[in-house]
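Read off the chains here:
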Amino acid sequence: MGRSRDVRFVSSGVKLPSAPAPPPSPFPSPAPALLSAALPFAHIGRAIDAAARRLGACLPRVPVARADPALPPPRRHGKDGGGPEERVLISEVAVRGKDGEPLERAELEAAAAAALRACRPNAALTVREVQEDVHRIVESGLFRSCMPVAVDTRDGIRLVFEVEPNQDFHGLVCEGANMLPSKFLEDAFRDRHGKIINIRHLDKVIKSVNGWYQERGLTGLVSYAEILSGGILRLQVSEAEVNNISIRFLDRKTGEPTLGKTQPETILRQLTTKKGQAYNRAQVKRDVETILTMGIMEDVTIIPQPVGDSNKVDLVMNLVERPSGGFSAGGGISSGITNGPLSGLIGSFAYSHRNVFGRNKKLNLSLERGQIDSIFRLNFTDPWIDGDNKRTSRTVMVQNSRTPGTLVHGGDHPDHGPITIGRVTAGLEYSRPFRPKWSGTLGLIFQHAGARDDKGNPVIRDFYNSQLTASGHDYDDTLLAKFESIYTDSGDYSSTMLVFNIEQGLPVLPEWLSFNRVTARLRQGYEFGPARILLSASGGHVEGNFPPHEAFAIGGTNSVRGYEEGAVGSGRSYVVGCGEVSCRLFGPLEGVVFGDYGSDLGSGPKVPGDPAGARGKPGSGYGYGVGVRVDSPLGPLRLEYAFNDKQASRFHFGVGYRN
């Protein structure tokens, strides 16, 4: 029987078109890239970001199936042709190949038949219903084209859907990608080799590729996809590349461009984003945070700008500088003074310059003065030494201090005033990060230290006849080699922190002290709903000839609460443990319940002169209590009330977190 000329539908073939033009962004259109070798899974590149949804939406679509233009439009009933469309009774529905022969693969015929909704044997169909089923067959993702043909038979009209399956998948070519691991696409197509190319599967792959970019803050998109001869899939990928980075200083008050004091290379060396790299939004955000942590900028923004029609962007960094230096005054509390109406209060005066020579070098000069305390400090720090690629910093330090000796030599006698420890210290330290969360410090420090009475005269024994210096002279001289390693999980106080410190006295001259001191601190925090649990422990040991005022003092605000400073003991060794449970009450106010324990591990008598034994210190003890904390610009203000195991109680006040 011949084919009917009354009902004949044509559907155009499937082609994966390019994505519609994206909205304006700092990410311009990609430049053409060289075609990689068309080998299975060879040279698989990288793909793009947010436009996946736009391209993915069009991949499984085809142009609307239309009737043959040579045929007259179907007759309609009703006024002005607005009634229902004319229906044609179909006696049989079949799926065949493009040449009208049965398909070689039965599963393809079954897939096409399963996609049909309206077209069923003995059904009266309209043109629109047939067109919709044509779309459903093509949108199954397995077929390149579909043409419905009506054939007159003795039993009636036979509707045949002549379909052209997609090619078998034999390889993938991806152009213009530089960041996506090839394994990502290899895994996505690993089980597809030799099978019919499924446009729906390709759509999912493109979305997953774009999701990979989006999760990592990268800017890119799959801009084009097509099926080449031989069953090769071709993906065109566009990525934004950093073309240039420029710096612009803005006035703090007007926001207008101005001359900056900071050297541009000082800023640029801090950036991990470099010319020629893919533009990574997350990386740029981290660079902004890095510049802010330098402490010399008030505001930092990085603006991407497209470069012509290429896939490159220029990054413009707008910087607002902070005032580089100035004077300040303040106060604090010394943990070494526990008696008197103004117990432990300290006044301070300081000058600082945070951007010396415009190279982020730091100069700090400070003077602190209390009832007994006096500390003069001079620090000069270069946070990143010129010519070093490991971010090594250098600090030069000079300090002259006079601090109370009550931590070890407390217990004033009625006929004797308090003892103070005078120290003159000078040192040089180098620090650098080892890993993202590890840092280390090496240093060499010289110390000239001795004890003085309340009149400022040198003394070598206290009123218990305990020696105050290790050498027996008025002063002890020590050259210390120092190594310190710090691990911090994050900047949050409730996170993990580990500090390990070794100091070795070097007897360069016979009278210089030789001893080894090892200390360690560990802190671990946990959060359970609104409550936070903080566990901390510290310990240390000293071996060799060392002055008694360098012994480990146990007890006090930053040790075992419920005891005065140093009242538990002082020894060659020590351990202190603490547990706290805190909960936010309201606003900046936080409540805390705590318990502390400390011990000198029986090492008190081994300290030269046994100052703890002479004063009857127990050597171990515990305390517990409650407190409140208030956030402030200086750090948490802590007010705590604690009981100890001797049934005594006392208030503790501190600024900042416990050591």
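Residues numbered from 1 in each chain as written. Predicted model: local features only at pLDDT ≥ 70, side-chain atom pairs only at ≥ 80, totals over all residues. Heavy atoms only, no water.

### Remarks on the overall build of the chain
1) Next: Summing up its helical and strand segments, the chain has nine helices and 32 strands in all.
2) Next: For the chain, the proportion of its 659 residues judged to be buried stands at 44%.
3) Next: Accessible surface for the chain amounts to roughly 33000 Å². Of this, 55% is attributable to carbon and sulfur atoms. (Helix = DSSP H or I, 4+ residues; strand = E, 2+ residues; numbered from the N terminus. Buried < 20%, exposed > 50% of the residue type's maximum accessible area, 1.4 Å probe, protein only. Areas by Shrake-Rupley, 256 points an atom, 1.4 Å probe, with all protein chains shown as cover.)

### Regarding the packing of aromatic side chains
1) Next: If you walk through the whole model with that rule in mind, you get 12 aromatic pairs.
2) Next: Judged by centre distance (5.4 Å) and plane angle (55°), the ring pair of Phe446 and Trp512 falls under tilted. Highlighted residues: Phe446 in strand S20 (residues 438–452) and Trp512 in the loop between strand S23 (497–505) and strand S24 (515–528), separated in sequence by 66 residues.
3) Next: Residue classification places Trp512 among the buried residues on the basis of a relative accessible area of 17%.
4) Next: When the ring of Tyr624 is compared with that of Phe643, the centres are 5.9 Å apart and the planes differ by 25°; the resulting orientation is stacked. Within this pair, whereas Tyr624 is found in strand S30 (residues 620–630), its partner Phe643 is found in strand S31 (residues 637–644), the two being separated by 19 residues in sequence.
5) Next: Judged by its relative accessible area of 42%, Tyr624 falls in the partly exposed class.
6) Next: Classification of Phe643 as partly exposed rests on a relative accessible area of 34%.
7) Next: Grouped by ring-pair contacts, the aromatic residues Tyr624, Tyr641, Phe643 and Phe651 constitute a single cluster.
8) Next: A cation over an aromatic ring shows up here: Arg561 above the ring of Phe594, its NZ or CZ 3.9 Å from the ring centre. (Phe/Tyr/Trp six-rings, centres within 6.5 Å; stacked < 30°, edge-to-face > 60°. Lys NZ or Arg CZ within 6 Å of the ring centre and 35° of its normal.)

### Some thoughts on helix H4 (residues 182–189)
One full turn of an α-helix is made of 3.6 residues, so residues set three or four places apart face in the same direction.
1) Next: Residues of H4 that are buried include every one of Leu185, Ala188 and Phe189, and no others. Buried residues of H4, viewed axially, fall in a sector of 85°; they line one side.
2) Next: On its buried side, H4 packs onto strand S7 (171–175), helix H5 (199–215) and strand S9 (232–239). (Arc of directions from axis to C-beta. Contact = heavy atoms within 4.5 Å.)

### A word on the sheet that holds strand S10 (residues 241–250)
1) Next: Spatial ordering of the open sheet is given by S11-S10-S13-S12, a layout of four strands whose pairing is mixed. Of all the strands in the sheet, the pair left with one neighbour each is strand S11 (257–258) and strand S12 (297–306).
2) Next: Across eight bridges, S10 lies against strand S13 (residues 312–321) in parallel orientation. Pairing of Asn244 across the sheet is with Asp314, part of S13.
3) Next: The strands that helix H7 (residues 281–293) touches are S12 and S13; relative to S12, the one it contacts most, it runs at about 155°. (Pairing = 2+ DSSP bridges. Axes fitted to C-alpha atoms, helices over the stretch in contact; angles between N-to-C directions.)

### Points about the environment of Val459
1) Next: Within the secondary structure layout, Val459 lies in strand S21 (residues 458–459).
2) Next: Assessed through its relative accessible area of 19%, Val459 is described here as buried.
3) Next: Other than its neighbours up to four places away in sequence, Val459 contacts Ala451, Arg452, Asp453 and Leu468.

### A word on the pairing of strand S16 (residues 361–370)
1) Next: Pairing of strand S15 (residues 345–356) with S16 involves nine bridges; the strand directions are antiparallel. Bridging from a neighbouring strand, His353 pairs with Leu363 of S16.
2) Next: As consecutive antiparallel partners, S15 and S16 are separated by four residues, and within that stretch Phe357 has a phi angle of approximately 60°, a positive value.
3) Next: Count of turn residues in the S16/strand S17 (residues 374–382) antiparallel hairpin: three residues.

### Topic: a nonpolar patch on the surface
1) Next: A grouping of Leu585, Phe586, Val628, Val630, Leu634, Leu637, Leu639, Phe651, Phe653 and Val655 is seen on the molecular surface, where their side chains present a nonpolar patch of about 920 Å² in accessible area.
2) Next: Contributing elements (two or more residues each) for the nonpolar patch: strand S28 (573–586), S30, S31 and strand S32 (649–655).
3) Next: Mapping Val655 onto the fold places it in strand S32. (Patch = residues over 30% accessible without salt bridge, like charges linked within 9 Å, V, L, I, M, F, W, Y side chains within 5 Å. Salt bridge = Lys/Arg side-chain N within 4 Å of Asp/Glu carboxyl O.)

### A word on the side chain of Ser559
1) Next: You can see Ser559 is positioned in the loop between strand S26 (552–554) and strand S27 (569–571).
2) Next: Judged by its relative accessible area of 8%, Ser559 is buried.
3) Next: Separated by 2.9 Å, the side chain of Ser559 and the backbone nitrogen of Gly555 make a polar contact.
4) Next: The contact partners of Ser559, leaving out residues within four places of it in the chain, are Ile554, Val576, Asp596 and Arg658. (Polar contact = N/O pair within 3.5 Å; in protein donor to acceptor, adjacent residues only side chain to side chain.)

### Some words on the environment of Glu129
1) Next: Examined against the element boundaries, Glu129 turns out to sit in helix H3 (residues 127–139).
2) Next: On a C-alpha basis, the gap between Glu129 and Arg117 in space is 8.7 Å, while along the polypeptide they are 12 residues apart.
3) Next: In this view, Glu129 contacts Arg87, Ala118 and Ala124; residues no more than four positions away in its chain are not counted.
4) Next: A distance of 3.1 Å separates polar atoms of two side chains, one belonging to Glu129 and the other to Arg87.

### Re unusual backbone geometry
1) Next: Positive phi, normally seen in glycine, also occurs at Asn122, with a value near 60°.
2) Next: Of note, the phi angle at Phe357 is positive, near 60°, even though the residue is not glycine.
3) Next: Structurally, Phe357 is set in the loop between S15 and S16.

### Considering the confidence of the model for the chain
1) Next: Predicted confidence across the chain gives a mean pLDDT of 83, with 83% of residues reaching 70 or more.
2) Next: With pLDDT under 50 throughout, residues 1–81 is counted as low confidence; its partners more than four residues away or in other chains account for 209 contacts. (pLDDT = per-residue confidence, 0-100.)

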